[in-house]
Amino acid sequence: MNKTFELKTGEKIIIRHLSKSDIEGVWNNFNEVVEEGIYLPVFFPVRSRLEKDSWYRKIKNEKEICIIAENKGLNPPYNIIGQCEISHSEWDAGSHVGILGIIVKNKYRDLGIGSKLIDTAIRESKKLNNKEKIILSCFSTNERALHLYRKLGFKEVGIRKKQFLMDSKYYDEVLMELWIEDYLNQDK
Ligand SMILES: CC(C)(COP(=O)(O)OP(=O)(O)OC[C@H]1O[C@@H](n2cnc3c(N)ncnc32)[C@H](O)[C@@H]1OP(=O)(O)O)[C@@H](O)C(=O)NCCC(=O)NCCS
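Bear in mind that the values here come from a model prediction, so they are computed numbers and not experimental data.

Parameters at a glance
Residues numbered from 1 in each chain as written. Predicted model: local features only at pLDDT ≥ 70, side-chain atom pairs only at ≥ 80, totals over all residues. Helix = DSSP H or I, 4+ residues; strand = E, 2+ residues; numbered from the N terminus. Rg over C-alpha atoms; globule rule 2.2 N^0.38 Å. Buried ≥ 20, exposed ≤ 12 C-beta atoms within 10 Å, placed from the backbone. Contact = placed C-beta atoms within 7 Å. Near = placed C-beta within 6 Å. Pairing = 2+ DSSP bridges. Axes fitted to C-alpha atoms, helices over the stretch in contact; angles between N-to-C directions. Expected span 1.5 Å × (residues − 1). Core = buried A, V, L, I, M, F, W, Y, C linked by C-beta atoms within 7 Å.

Colleague: Would you mind showing me how to read the overall build of the chain here?
Modeller: Within the chain one finds five helices and eight strands. Each helix and strand of the chain, placed in order from N terminus to C terminus, yields the pattern β-β-α-α-β-β-β-α-β-α-β-β-α. Relative to the 2.2 N^0.38 estimate, which gives 16 Å for 188 residues, the radius of gyration of the chain is 16 Å and therefore close to what a compact globule would have. Taking the principal axes of the C-alpha coordinates as reference, the chain spans close to 45 × 40 × 35 Å. Across the 188 residues in the chain, those meeting the buried criterion constitute 23%. In the chain, the proportion of contacts linking residues at least 24 apart, taken out of those at least 6 apart, comes to 59%.

Take a look at the structure:
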């Protein structure tokens, strides 16, 4: 699976599955968002080679979905400008459920890349892993992410009040879900 599209800036972007050579780029993006300090409930960047490689091995061994947005005009690791993962539920009885996480590099936000990454990840997780439902969670202050999830059809199913405490500030966690069949039927 390889899809190409052009940003309004003229840059050519490829949407595809994760490769081993993307590991550094993906983790750079993750660490940048950790440093932004307002989107993820994580305090420390990931620097360990072992941790980065074992994340990659888990995705490939367990056949989880990780879709990458690559800017062909840039050299690695800066060519990886976004990523969307759909991992398996930890429960035996939850194998029809995928858990979504997404990051787009700051400079490339609001250009439609997040939307394309999620669309591809959802379709691939149905095709390859037989997923039926996608779940995610998000800080209630993350207006851009909430707008995007709602636009794609995710429904709010709950709020965990003051679930995270960062820099002496509490954040509510919004829980959302999407039935893939409903999502695909929107096209018809
Ligand atoms: C959330 C994220 C993945 C979205 O990716 P993206 O490439 O910017 O997404 P898109 O460009 O497809 O869509 C963004 C939408 O949000 C809208 N938007 C931007 N800022 C907004 C705001 N403050 N309030 C409401 N909507 C906003 C944009 O206009 C666009 O909507 P439109 O297509 O209807 O015009 C990306 O911004 C990101 O990585 N953020 C930091 C990490 C993060 O929050 N990850 C998710 C954790 S739950």
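Okay, back to it.
Colleague: What exactly am I supposed to notice about the environment of M176 here?
Modeller: Looking at the secondary structure, you find M176 in strand 8 (residues 169–179). Of the residues examined, M176 has 21 C-beta atoms within 10 Å and is grouped as buried. Between the C-alpha atoms of M176 and E143, which are 33 residues apart in sequence, the distance is 14 Å. Residues within four places of M176 in sequence aside, it is in contact with L136, C138, Y149, F154, K155, E156 and V157.

Colleague: Looking at this model, I keep getting lost on the site of the ligand. Mind explaining?
Modeller: Around the ligand, a shell composed of 20 residues is seen, among which R109, G114, S115, E143 and H147 lie nearest. Among the elements of the structure, strand 5 (97–104), helix 3 (113–129) and helix 4 (143–152) are those that each provide at least two residues to the shell around the ligand. Ranked by the residues each element gives to the shell around the ligand, the list is headed by helix 4, at six residues.

Colleague: Would you mind showing me how to read the environment of L128 here?
Modeller: Residue placement: L128 occurs in helix 3. Look at L128 and you get partly exposed, because 14 C-beta atoms sit within 10 Å. As for L128 and E64, which are separated by 64 residues in sequence, their C-alpha atoms are 8.9 Å apart. Not counting residues within four places of it along the chain, the set of residues in contact with L128 comprises K63 and I65.

Colleague: Whenever I open this one, the pairing of strand 1 (residues 2–6) confuses me. Can you help?
Modeller: In the case of a regular strand, side chains alternate between the two sheet surfaces. Burial runs low along strand 1: only zero of the five residues are buried. Inspection of the sheet shows strand 1 paired to strand 2 (residues 12–17) by five bridges, in the antiparallel sense. Counted as the bridge partner of N2 is R16 from strand 2. A loop of five residues connects strand 1 with strand 2, the two strands running antiparallel in sequence, and G10 in this loop sits at a positive phi of about 95 degrees.

Colleague: Would you mind showing me how to read the sheet that holds strand 3 (residues 65–71) here?
Modeller: Taken in spatial order, the eight strands of this open sheet run 1-2-3-4-5-6-8-7, and their pairing is mixed. Edge positions in the sheet fall to strand 1 and strand 7 (155–166), since each has one partner strand and no second. The sheet shows a mean angle of 20 degrees between the axes of neighbouring strands, taken without regard to direction. The sheet strands contacting helix 3 are strand 1, strand 2, strand 3, strand 4 (80–88), strand 5 and strand 6 (133–139), and the helix crosses strand 3 at an angle near 145 degrees.

Colleague: Could you clarify how one ought to interpret helix 2 (residues 49–61) in this entry?
Modeller: Every α-helix carries 3.6 residues per turn, so stepping three or four residues along brings you back to the same face. End to end, helix 2 covers 18 Å across 13 residues, agreeing with the expected 18 Å (1.5 Å per residue, within 8%). Taking burial as the measure, the 13 residues of helix 2 include zero buried ones, a minor fraction of the element. In the segment just after helix 2, K63 is the residue with positive phi, at about 55 degrees.

Colleague: In this structure, what is going on with the nonpolar core? I would like to understand it.
Modeller: Where a protein is soluble and globular, its nonpolar side chains tend to be buried together. In this structure, I67, A69, C84, L117 and A121 are the most contacted members of the largest nonpolar core, which totals 30 residues. In this structure C84 touches I67, L100, I102, L117, I118 and A121, once residues within four positions along its chain are discounted.

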